[in-house]
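Next come the chains, spelled out residue by residue.
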Amino acid sequence: MQKVVVISNQGMSAADVLEIARHNAEVKLSEAALSAMAASRSHIDALVASSQPVYGVSTGFGALANRYVSVEQRAQLQRSLIRSHAAGVGAPVEREVVRALMALRLKTLASGRTGVRPVVATTMAALLNAGITPLVREFGSLGCSGDLAPLSHCALVLMGEGEAVDSNGVQRPVPELLAEAGIAPIELQEKEGLALINGTDGMLGMLLMAVFDANQICDSIDVIAAMSVEAQLGTDAVFRPELHEALRPHPGQTLSAARMFAALQGSPIVASHVNDDDRVQDAYSLRCAPQVTGAVRDTISWAATVAERELAATIDNPVVLPDGRVSSNGNFHGAPVAYVLDFLAIALADLGSMSERRTDRMLDKARSAGLPPFLADDPGVDSGLMIAQYTQAALVSENKRLASPASVDSIPSSAMQEDHVSMGWSAARKLRTAISNLTHIIAIELVTASRAIELRAPLTPSPVSAKIISALRQSVAGPGPDRYLSPELTAASEFVSAGKVMHGIR
């Protein structure tokens, strides 16, 4: 049954945004939201009738804010704003990103602080419900004054212009799409064009999805790292709760250590060498896995806190205050969001780097505790997983480059009126690539650890490892002679992306 998300003037949750963006939830506006919008619009209408210059109502924009615009030109002002600002270039961004930014902009409109008519919000909701997705281009936003270009491409479709695809992803003329869905194009009035584009919605939507995806990756990598420990005849003793809860009580570390310890319980492989005096301490990539994954978890937690604060915000300029005053502000600056987007990229790059080190140990006969070189069936004739590690290393290297922060690279715009920008959109775009890369990285570790564990036969793994390997073998074959590997690595990535690793401990 399709979920229904009701957007009120009090906002919406992160889970609601993901439901709309990824699962096509139906959107409805509450009566309170419609009333709040009507009330704030009355204040804008009062300013329209006065001779007082008000930014976004009767003036130009950005460096042209000192230009007073006559009543007769104000509808054209709003149309011109959207058309000129829809200046993105490059490939279309993902459907879920566009739906997230539309949902978040709708949330702000519903707050009753932007001064738009209710019909603007109901029309945007209708677009979402019809599955009509504006084509938003990769490049165009500086993450200040909001995600202007991406949101303008969406607003253009509300006007019956621009480019869009239908619910099947087929690009068709916008007037045709609107007519088929019974949606009338909007004739924008004073303030409405600006209200549709002056927000951090694109970067925030990508942050919300990144937080979800990164948490799922950490859940998966705790179990995969435990499998690598098992495959390399490592010890589970370093993951005991008393070494983490009391001695170094970082919440993420405590959780990751507990997950790894639980995943290794009941393992005959681990028990086989428990009294081996030659194996005193494991390498850092094994022994310190919860310290690193835990630190990533805590970074994600901070990013989630920032995202929740931004989700509770009303981002527009100017805004309509509760007493009816219309006030300019700088809340559209994306710095808070941009910083955590960059921070996540740094943390996830390091997480992938450690994963690759575990993989390399399993493939190196000098460090793998008796496993065949590259886990090959007939080493020398077969290369095994040698090049899978090359692929993993290439992805790790790419993520290190993507960890270079975008938010330190402000560049002035709008004739120096907008002389400091956040680059939050760019930070979000590279983070999405980093998360995709990391999914492949840990999938390759999973493939390697699974094969290594099976090569320990007749010793058997923990129940958790056995369950995960059994599920993986539905799409990825086990040890054997060399074969076409790329489809198997892709299948493993899909296994990880779908959250199936966690099924092993549920």
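For the structure itself, consult the block above.
Residues numbered from 1 in each chain as written. Predicted model: local features only at pLDDT ≥ 70, side-chain atom pairs only at ≥ 80, totals over all residues. Heavy atoms only, no water.

### Quick look at the overall build of the protein
Consideration 1: Summing up its helical and strand segments, the protein has 18 helices and 9 strands in all.
Consideration 2: Intrachain contacts of the protein at a sequence separation of at least 6 include 78% that bridge at least 24 residues.
Consideration 3: Accessible area of the protein: about 20,300 Å², with a carbon and sulfur share of 55%.
Consideration 4: A distance of 2 Å separates the average location of the 42 positive side-chain charges in the protein from that of its 52 negative side-chain charges. (Helix = DSSP H or I, 4+ residues; strand = E, 2+ residues; numbered from the N terminus. Contact = heavy atoms within 4.5 Å. Areas by Shrake-Rupley, 256 points an atom, 1.4 Å probe, with all protein chains shown as cover. Lys, Arg positive; Asp, Glu negative; His and termini not counted. Charge placed at Lys NZ, Arg CZ, Asp CG, Glu CD.)

### Thoughts on helix H17 (residues 463–472)
Consideration 1: Along H17, the residues that are buried comprise Val-464, Ser-465, Ile-468, Ile-469 and Leu-472. Looking straight down H17, one finds that the buried residues subtend no more than 125° of arc, so they occupy a single side.
Consideration 2: Buried residues along H17 sit in contact with helix H9 (201–231), helix H10 (251–263), helix H16 (424–454) and helix H18 (486–497). (Buried < 20%, exposed > 50% of the residue type's maximum accessible area, 1.4 Å probe, protein only. Arc of directions from axis to C-beta.)

### Structural notes on the packing of H16 against H18
To characterise two packed helices, one gives the angle between the axes of the helices and the distance between these axes.
Consideration 1: Between H16 and H18, the shortest axis-to-axis distance is 8 Å and the interhelical angle comes to 110°. Taken together, the axes of H16 and H18 lie roughly perpendicular to each other. Between H16 and H18, the residues in contact are Thr-439, His-440, Ile-442, Ala-443, Ile-444, Leu-446 and Val-447 and Leu-489, Ala-492, Ser-493, Phe-495, Val-496 and Ser-497, respectively.
Consideration 2: When grouped by side-chain class, the residues that make up the contact of H16 with H18 number 9 nonpolar, 4 polar and no charged. (Axes fitted to C-alpha atoms, helices over the stretch in contact; angles between N-to-C directions. Parallel < 35°, antiparallel > 145°, perpendicular 65-115°, else oblique. Nonpolar A, V, L, I, M, F, W, Y, C, P; charged D, E, K, R; others polar.)

### Side note on a nonpolar patch on the surface
Consideration 1: Nonpolar side chains collect at one region of the surface, where Trp-302, Phe-343 and Ile-346 lie side by side and expose about 290 Å² of accessible area between them.
Consideration 2: With respect to the helices, strands and loops of the structure, Phe-343 is situated in helix H14 (residues 335–363).
Consideration 3: The exposure class assigned to Phe-343 is partly exposed, which follows from its relative accessible area of 40%. (Patch = residues over 30% accessible without salt bridge, like charges linked within 9 Å, V, L, I, M, F, W, Y side chains within 5 Å. Salt bridge = Lys/Arg side-chain N within 4 Å of Asp/Glu carboxyl O.)

### Things to note about unusual backbone geometry
Consideration 1: A cis amide bond, omega -5°, links Asn-317 with the succeeding residue Pro-318.
Consideration 2: On the secondary structure map, Pro-318 appears in the loop between helix H13 (289–311) and strand E8 (319–320).
Consideration 3: Look at the link from Ala-457 to Pro-458: it is a cis peptide, with omega at 15°.
Consideration 4: Even without glycine at this site, Leu-233 takes up a positive phi of about 55°.
Consideration 5: Structurally, the position occupied by Leu-233 is in the loop between H9 and H10.

### A look at helix H1 (residues 14–23)
Consideration 1: Where H1 is concerned, the buried positions are Ala-14, Asp-16, Val-17, Leu-18, Ile-20 and Ala-21.
Consideration 2: In the core, the buried residues of H1 are packed alongside strand E1 (4–7), strand E2 (26–29), helix H4 (95–109), helix H5 (118–130), H9 and H13.

### Structural notes on the packing of H4 against H9
Consideration 1: It is the contact of H4 with H9, at a shortest axis distance of 8 Å, that shows an interaxial angle of 115°. Relative to H9, H4 is oriented so that their crossing is right-handed. Residue-level inspection shows Glu-96, Val-97, Ala-100, Leu-101, Leu-104, Arg-105 and Thr-108 of H4 in contact with H9, the latter providing Asp-201, Gly-202, Leu-204, Gly-205, Met-206, Leu-208 and Met-209.
Consideration 2: The residue makeup of the contact of H4 with H9, split by class, is 8 nonpolar, 3 polar and 3 charged. (Left-handed = near helix turned anticlockwise from the far one by under 90°.)

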